[in-house]
Structures are given as C-alpha cells and as structure tokens.
Amino acid sequence: MERRNVLGLAAGLSIGAVAAPGRAEAATGEQLGNYASHVSDARSVTVTSVSGQRLRITAYGNQIVRVRAIRAGETFFADTRYEMVAPANHAGMGGSLTVTDTGSSLTIVSGAADGIRIVVQKNPLRMEFSHRGTGALLAREDATCSITWGGPNNSVITQAFVPPPADEHFVKAGHGFYGRSPRVDRTGDVVAHNYGLVRGDQAPAIVPLYLSTKGYGVFCNTTFDVTYSFASGTARDYAFAADEHATAGVRPQLDWFLINGPEFAKLLDRYTQLTGRPRLPQLAIFGLHMTDKNFPDVSDQNWWRTKITQHRNAGFPFDHHVNDNRWRSGTGAWGGSWFEFSSVRWPDPAGYQAWAAANGVTMTLDYNRNNSNLMAGWVGGPPPGYSFKAADLTAVADNGSVPDWSNPATRTWVWNVFWTKALNPALHYSGDGLWLDEPDELGPIPYNADSASGKKWSELRNSYFFYLHKGVGEEGWDRALAKRPWTWSRGASAGQQRYGHYWTGDIASTYAEMQQQIRGMLVGGLGGFPYSNIDGGGFQGGAGGLISEPFYRNWTAAWSSLSPIWRPHSGASTTSQGAIASRWPLDQSTAIQNDFRKYGELRYTLLPYIYSIAHEAAATGMPMARAMVIDYQSRPNALSHDLQYMWGPFLLVAPVTQDGGATQNVWLPAGDTWYNFWADIKHAGTDAADLPYVTYTGEIVLFVKAGAILPKYQYAQSTKYVNKRHLELEIWAGADGAFNLTEDDGLTEAYRVTGAKSVTTLTWTDAATRTTIRHPQGTYDGAPATRRYLVRIHGLTAPAGMRVNGGATLPSYTTEATAITSGNGTVWDPAKKILTIVTPQIPVTPGGGVAATIEPSGAAYPAPTGGTAYAAERAVLNNAVIDTSHPDYTGTGFVDFTDTAASGAYVQWTVNVPTAGTRTLTFRYANGGTANRPLAITVNGATVASGLAFNPTGSWDTWATTSCTASLPAGSAVTVRATTTGANGANLDSLTVS
C-alpha cells in the first residue's frame, strides 16, 4: 500500500510534529519531557520523566536494542501481545547494557565492542544512536524531533529523528498490494504497507522494517497501522508513526528495535534471528510448478496424470502439481466447493498419490476462505463460533465465511479439516503444500470490531495472515508431519516466515507489472521472505486474458526460471480461448517450447546452487534474489539499478522487461570481471557507466563473476530423479573463488532438527588453475557414497594436461560423454575456450579432508582420442519419449521407446562425417528386461545391421554398449537410424561414431 493520506498526514499533521496549523487537536499533543530518574538491570534501563512518562531500552543480544515509551499511568504491553518477534527470543536472546550517568546524560552501550552506543540527554529526554566501535552516527533526536503522542486522544505515537545526511538512503522492507514496489530506494517517500481497506487490496507484505545504507535497521513491534516518512536530506520528516484510527479503548505504544549491521547481510541475519528464520521448503518446491487454472472444465486426476506425462515425454521438467479449485468437492469452482477430494473428479486420490510418488510429483491443495462455511465442522459467529460478529461483517464479501484466525479454536478447526480430509498419512493422499487463498479480502471490517483475541480489528488486521500461518504451521503441520510444509497465502505479516510463505496475488500480465514484481521480490526478500512466489506471466492477462509469445518467453519462461519459485499461472480459460490460453509449454509455439526447455535445463542443472542459496536464506535470512544494495551497499549505483539482482553470490540477473531488440543498460559492478553467461564474453566491471546490452526475446540478461563456482547436477525431469553420484562444477577463471554446497534429504525437517545435512566446500585457485573439492561436513539419509566430479573451466586461453589427486595426466577425448563412459578424461572446446575434466568415481568420506584436487600435471595436453558422441534425447524421435528416471545417463536424459512401439519406432541421429570411410557405431543402452531387444540400423536409409543385438544389462539402471561397423559417406547431415523390429527397444543413451 502506497498511501500518503494516513495517520496524521491527512489532516496536515507532519509526522513527528507536536502541533501543526489547521488541526486543533494537535495542541493537545504530548512530547517526551525532562528526566526525573532511572533504574537499570543487566539488560534494561528504564527512564522516568518528571511527568511520569517512561522510556525503556533493552538489549536483545549484543547488536539489537529495543526502545519503548509510554505515557504516565500506562503499563508497558506484555511481550506476548505481539508474536512477530519469536516469543522465546524475549528472554532467549539475552544481551547486556552498561549504563553510565554523566550528569547531563546517560551513556548506554551494548555488550559487544562493535555494538550499539546510545546517549540519552536528560533535559529534555532525547536519544542519539551510534556504532559503538566506529562512533558513526546512526540516528538522533533533538528538541523538536523525538517521541510524541498526538491525534485524537493523543493516540497516534510517533518516533521522529532529525533529517539524515544527504548520502543516507532508506529501503522499506515488504511491499504494497499485489507484491508491487515502485522502487527499492524509498528515500524521500512516505510509505505505508498495511492491510487493505477494500476488496481487491490483495497481497501486501506487511513488514514494519526499514534498512538504512548507514548500516542499521528499524523494526516496529506493533500491528497497528504504521506509516514511514523517509527524509531526503532536506527539511522533510524522518519519522514513523503508529495509529489506531480513533478506535475506542486501545492505543498503540512506541515499541521498536534498532538493529546494528553495518552490512545489510548482518542486518537481515539479525532481523530473522529476532523474528524467526524463513522455513525452508522441500527440494521439489524449487522445481517447476504448474496449475490447472486454465482448464476449469476438463481438469481432473486423469487429466493431471496425462498432462504431466505428455510434458515429461517431450523433455520438459515437472515437479509440483498446484490444484486450483476442481479437485474439491461440490461445484469444483471458486465458490460452492470445499476442502475435500471430489468423488467425481478425484475418485481415487490414494491411487493418484501412488502414481505421483513413483513419478516424482508433489502436490499443493488450495483452500479458499470464501468456502469456509461449507467445510466440515464450521461454526459461525464469535466464540464459541469461529468468526466475527455478523454486524461487523456486513460490508465484507462472502460474509458468512470469515474465520477469525486470532481464535485458537478456529485455527484448530481448520487444521482438523486439512488433516482429516487430505494430510493424514493414513489416508495415503497427496499433500505437500497448502495454498491459503483470499485471507486479504476483509478490509471493510470496522476498525473497532472485536476479535476473539480481545484485540480490535485496528490492531489485529496486520497480523491476520500471521495467525493463519501459525495455526497451519506451528499448531498443525509441525506437530503432525515430518515432511516440510509449503504453505502460502495471499499476503504476509512479519514473523510469518518462520511458518510459511506468500504469493503476490492476481497480478496483471504487463511489462509494467513485471517491473513492479521484480522490485517487490527484492524488497520482500529484504523483509524475511526469501522464497518469492509470483504468478509466472501474470494472472490477469492482456486482451482476452491472453499474453503474447515474446511476453511468455521473457517472463513465464526466462525470468520465472531464475526467481525463487517457478510457477506459471493465469486466469485465462482454454475452454473459451483455446490452447493459447494455457501456461503449459507444450500448448504453445515452437519458440516458446524451445525457450522453456532451455530454462528448464538451466534451472534443474543449477539445483545444487539454487538449493544451497535457499539453505543460506533459511539459516541467515539472505534472500535468494539479492537486491544489488546487499552486495554493494556503499555504491550509489546499487539503489538505482533495482531491475537487476544477484542470484546468489555469483550470478547477475537482469530480466528483459520489454519485447526483445531494445537496448537495456546493465550495471556490472567495478572490482570484478564479468562473463556473459550465454557467450563467455568478458567485461571489466565499472561504476562509471552501464553496459548497453542489446536484448533478444527469450534471452534473459545473465552475467557471472570471475571466480564463480556453480555446482550442478545432470538434468533430470524431477528432483526425485537427481543423481547425486555425479556432480558438475562450472568455474569461470580470472579470480579465486569458493562456494559451500549444501545438501540434505530434500524432504524432512531433519536438516534443522538433528543437523542431518552435508556441506561440501569447493574452492578455485586461479593462479594455479586448481580446483579443490573437500569431503562433506555432515551427512544425511540418501547421501551418495561415491561421486564423480565433472569440472568445466571457462575463460582459459589454452588447455593443459590435468591430473586428479596427483595421478597421471588424464587422457583427452573429443566429447564429454566419451570421457564419462571411459571412466575419466578431459575435453577441450577450442571455440568456447572451456576445459572439461572428468574424474573417476571417488569415495565420499564425511567429516572433512580433500576428496579431489584437480590441477595441471605439468605435461602437455594430450591429443584427443575416441569418437564423437551424439545424445539420443537430441535426436529425431518416433514413438519414443525422453526420460530421466534411471541414473547414469550422459547428456540430459535418455530415450525410451513407448510400450506399443514393437515395430517401426525409431531414433534418428544426424552426424557429421568429415571424410568418407568405415566407422564403428556404438550405442550406449540399458535393457532391464530378460530378452534381447534388437534394432535395425540404417545409414541414410540403407540397412547396415538388420537386427543389432541389445541384450539384457541386468537392470534399467545398468548401461552397456553394442556396436556395428558401417561405411559412412562424407557430409554434415548423415543420418543414422535405430528402428524397432518386432520387440520394444532398449533405452538408448547415445550414439558414438568412431
């Protein structure tokens, strides 16, 4: 919400002012007065003014202090009043304060030498905050800018500071409705991110936190509406204020936390320590999500199974199935359906779950607030009912269905429905996530409405999302299920991240919206929500609800694949608009399908990198998509370039927010060398000028730092199929680098409950051209016992002979597939200047030590041997499909002949033959059956082997080779075809011509 007419601002009362012309009641305003006395203990100091006001400062650890103030006769709110701060932290974070009385002031310092220093002047009581170690000023009050109570009944509480220096800039965490943010730098703005007032005020991220480039953060511990005014270095206000909107019987108190940095990374770490670490989703959640929203009249459990299978067969990835409405009993529409599997559209949910588990598919089930009264056990009205008073709901849409989540009984009721209708493992139904829709539609509830918690709506509304997630997370899922929750609502409250997540609502499908969503993703991440969840391509659509091909390629395929959650979704219907309304790639043009495969392969191969930065987010609050100001806090360029971001520590992403062909300016920060990810072209970073980049539709602007180490898996179409025995490292020469690869079982909470995870340290020493891979610290269920490492080094001028662990110089081959199937070796790509090293399988020994040192041997690079390998999945297929469900293939998968392809099905490769002559054709395959599965082999249509044997290999996970010789003509388009002849064929991995 970006509103300027809130709190005192509407009536001409400047934030922080005691009085303002034109407002009579402002004269009754009250300001913190003169010192009378103080008392202190190990953690707190409480100062009393001559009029009985009290100011209390409390340490929370060594780098956070809490500031509270109340008027005479008031009592400080209990710590339990607001739960945005993790309740155990009030006592558990500890900390200490040392107080020195100098006569005219109190000097208060936190326990760390690099902590916080506060000077409280006595007459009048005024505070000044600085870094204890450096003395650098953070913020200070003066005679006119301080703590005030104003507005009706003096119930608007304001904390004002003197205007900051001109070079101080402010970032407001969280965002307004629909996940939108007009910019990351909010200096000079008045900003209010609060619950909406009317229907349609969707999906705010209500995070009362802001960060300063001077190295501190301020978190307001209140759920009343808060407005911020960020001075721009002029006489404008620098203040924040909380307002109860003249609600009788309640008034906010001043309660805020000063968080010390000075680096943004430390601020986020300390903020999420205070309010709770973000909850890490299952590994599958970082795969591709698809929904059935575009198919409102045909989707059912058979449709889902068919649709997923078709896309997998075409080579696309798929992990997470997001149900919209049709799975539910009743109408299967937005209204009139409830949280329970439909006996008509989902007659066998247990059978579907058995198929899903076998095929690496997980599922989200949606719940719509508007159907709550149709769900089992609903009781309307206030306690013992689960809602609010009917008189307070007259202006609310679907007002017979308005849960009061502040009521523990309501939370127990909804979890009981989720449990008994779907999530109880005894049912054997699907359920890995909950989509909690439309809790943001209650804006018309009057501010003075009562809730079961005893709070008025004016105080409850900004925590409404929080209490829903508390009921589903802490009080439900965490007590009942071992697997990790994936719960997401339309909108968020601070602290909610320790239970669940959110998405940004029914957004528009325009490039202008895309820009706002990029910034919203960044400021959401700066507020403790690192797993940004956005409708890929937008929900509302353009003309007729449809989007253009370039728009799909630039947002749905490209940007979404390099955002935390990849979930294409829209409201357009294929029933009335045809297949083009679908977000599923197989329903789209060839160009879209090609892009989707490209980005599917990029994201899924990068999963170990993506999952590691997701782990970092859960451990420290560091966003996966990092606003440039996080890594480059002192650079003015960082705040002005808020349509680009760091994807982890090494990748710089700049989504294309217009159709391709235009020039987009990209900032490559000084001090680093940057490679164009797509072309390996090097650029020296500079803060003096942007790089003009000519964009292409479907190609996201992507750069990688010199010294980067990107761990990768082989492409698999589901996270279930990932082969952890094979780990690839992409390294860009030009600087030293290091990365910690974090892995776990991908499913359970064991990583945080018992520490069941592994951290593998990867380092690159540039001058020595040396890669060092350490054994992992820690282990987990399913960790690999051995590992082959494939290292690609970009940016070399020439190859060198390489060795592993001091051994002999590795042989060289013409293709990576040949090096892999040969057991080890190297490959040099002279055009791309990439040197690939393939190690043998190496035992993994948890607990430390070096697993592999890969470095030059001192010998010349050997002459390459072996033939050229051609992947089966890149060939022309007839009655054959792409698969990745069996490990140890080469490339990006293998080919499986369909069950009905006993004769006439084929795989056809196009190969390059520089000179005519006899060649050996070697086919790598797996045959888990009990009989030979012969194939006819032809070259340019002429038979060279009428029934080449493909004998059993013992299992579908065991690969072997079979060969024949053939006379090949010279040419760059020679075709080699393998055709079934009376029996279903074996799984084919590759053809090698040598």
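Residues numbered from 1 in each chain as written. Predicted model: local features only at pLDDT ≥ 70, side-chain atom pairs only at ≥ 80, totals over all residues. Heavy atoms only, no water.

So, the overall build of the chain
- On a plain count of helices and strands, the chain comes out with 16 helices and 61 strands.
- In terms of overall dimensions, the chain is globule-like: its C-alpha atoms have a radius of gyration of 31 Å, near the 30 Å expected for 994 residues.
- For the chain, the spread of C-alpha atoms along the principal axes amounts to about 100 × 65 × 50 Å.
- Expressed as a percentage of its 994 residues, the buried residues of the chain come to 61%.
- Once local pairs closer than 6 in sequence are excluded, the contacts in the chain between residues at least 24 apart make up 71%.
- Here the chain displays about 31,800 Å² of accessible surface, and carbon together with sulfur accounts for 51% of that area.
- In the chain, 77 side chains carry a positive charge and 80 a negative one; their mean positions are 2 Å apart. (Helix = DSSP H or I, 4+ residues; strand = E, 2+ residues; numbered from the N terminus. Rg over C-alpha atoms; globule rule 2.2 N^0.38 Å. Buried < 20%, exposed > 50% of the residue type's maximum accessible area, 1.4 Å probe, protein only. Contact = heavy atoms within 4.5 Å. Areas by Shrake-Rupley, 256 points an atom, 1.4 Å probe, with all protein chains shown as cover. Lys, Arg positive; Asp, Glu negative; His and termini not counted. Charge placed at Lys NZ, Arg CZ, Asp CG, Glu CD.)

So, helix α8 (residues 511–525)
- If you check α8, its first and last C-alpha atoms are 21 Å apart, about what 15 residues at 1.5 Å a residue would give, namely 21 Å.
- For α8, the buried fraction is high: 12 of the 15 residues fall into the buried class.
- For α8, the full list of buried residues reads Tyr511, Glu513, Met514, Gln517, Ile518, Arg519, Gly520, Met521, Leu522, Val523, Gly524 and Gly525.
- Packed against the buried residues of α8 are β13 (170–172), β29 (501–503), β30 (533–536), α9 (549–561), β32 (625–627) and β33 (645–647). (Expected span 1.5 Å × (residues − 1).)

A short note on the confidence of the model for the chain
- When pLDDT is averaged along the chain, the result is 95, and 97% of the positions lie at 70 or above.
- Considering only residues more than four positions removed or in separate chains, one finds that residues 1–27, a stretch of pLDDT under 50, has 68 contacts. (pLDDT = per-residue confidence, 0-100.)

Here's the deal with helix α12 (residues 607–620)
- For α12, which comprises 14 residues, the first-to-last C-alpha distance of 19 Å matches the rise-based estimate of 20 Å (1.5 Å per residue) to within 8%.
- Taken residue by residue, α12 has Leu607, Pro608, Tyr609, Ile610, Tyr611, Ser612, Ile613, Ala614, His615, Ala617 and Ala618 as its buried positions.
- On its buried face, α12 is in contact with α11 (590–605), β33, β34 (651–654), β40 (709–712), β42 (737–743) and α15 (750–753).
- Two residues or fewer after α12 comes Gly621, characterised by a positive phi angle close to 80°.

Focus: the nonpolar core
- Within the largest apolar cluster, 187 residues are counted, with the highest numbers of intra-cluster contacts made by Phe219, Phe286, Phe339, Phe418, Tyr645 and Trp647.
- Sorting elements by how many residues they give to this core places α12 first, with 8 residues.
- Membership of the second largest hydrophobic core comes to 45 residues, among which are Leu32, Ile57, Leu106 and Val250. (Core = buried A, V, L, I, M, F, W, Y, C linked by side-chain atoms within 4.5 Å.)

Here's the deal with the pattern of salt bridges
- If you walk through the whole model with that rule in mind, you get 51 salt bridges.
- One salt bridge in this structure joins Arg81 and Glu459, with 2.7 Å as the shortest N-O distance. One end of the pair, Arg81, is in the loop between β5 (64–70) and α1 (89–92); the other, Glu459, is in helix α6 (residues 457–460), and 378 residues separate them in sequence.
- Given a relative accessible area of 0%, Glu459 falls into the buried group.
- Two residues, Lys712 and Glu730, come together in a salt bridge whose shortest N-O distance is 3.1 Å. Taken together, the residues span a long stretch of sequence, with Lys712 in strand β40 and Glu730 in strand β41 (residues 726–732) at a distance of 18 residues.
- Through salt bridges with shared partners, a single ionic network connects Arg199, Asp398, Asp437, Asp440, Glu441, Arg490 and Asp506. (Salt bridge = Lys/Arg side-chain N within 4 Å of Asp/Glu carboxyl O.)

Concerning unusual backbone geometry
- Geometrically, the link from Asn123 to Pro124 is a cis peptide bond, its omega value of 0° lying close to zero.
- In this model, Gly261 is joined to Pro262 through a cis peptide bond whose omega is 5°.
- Note on placement: Pro262 falls in the loop between β20 (254–260) and α2 (264–275).
- Within the chain, Asn153 stands out as a residue other than glycine whose phi angle is a positive 60°.
- With respect to the element layout, Asn153 can be found in the loop between β11 (147–150) and β12 (156–161).
- Not every positive phi belongs to a glycine, and Glu438 is a case in point at roughly 65°.

As for the sheet that holds strand β52 (residues 876–878)
- A sheet is described by the order of its strands in space; here 5 strands give the open sequence β52-β55-β60-β57-β58, paired in antiparallel fashion. Lying at the two open borders of the sheet, with one neighbouring strand each, are β52 and β58 (942–948). In this sheet, adjacent strand axes meet at a mean angle of 15° when their direction is disregarded.
- Two strands pair when backbone bridges link them, and strand β57 (residues 935–939) and β58 are joined in this way by 4 bridges, in the antiparallel orientation. Residue Thr938 lies in a different strand from β58, and its bridge partner there is Thr943. (Pairing = 2+ DSSP bridges. Axes fitted to C-alpha atoms, helices over the stretch in contact; angles between N-to-C directions.)

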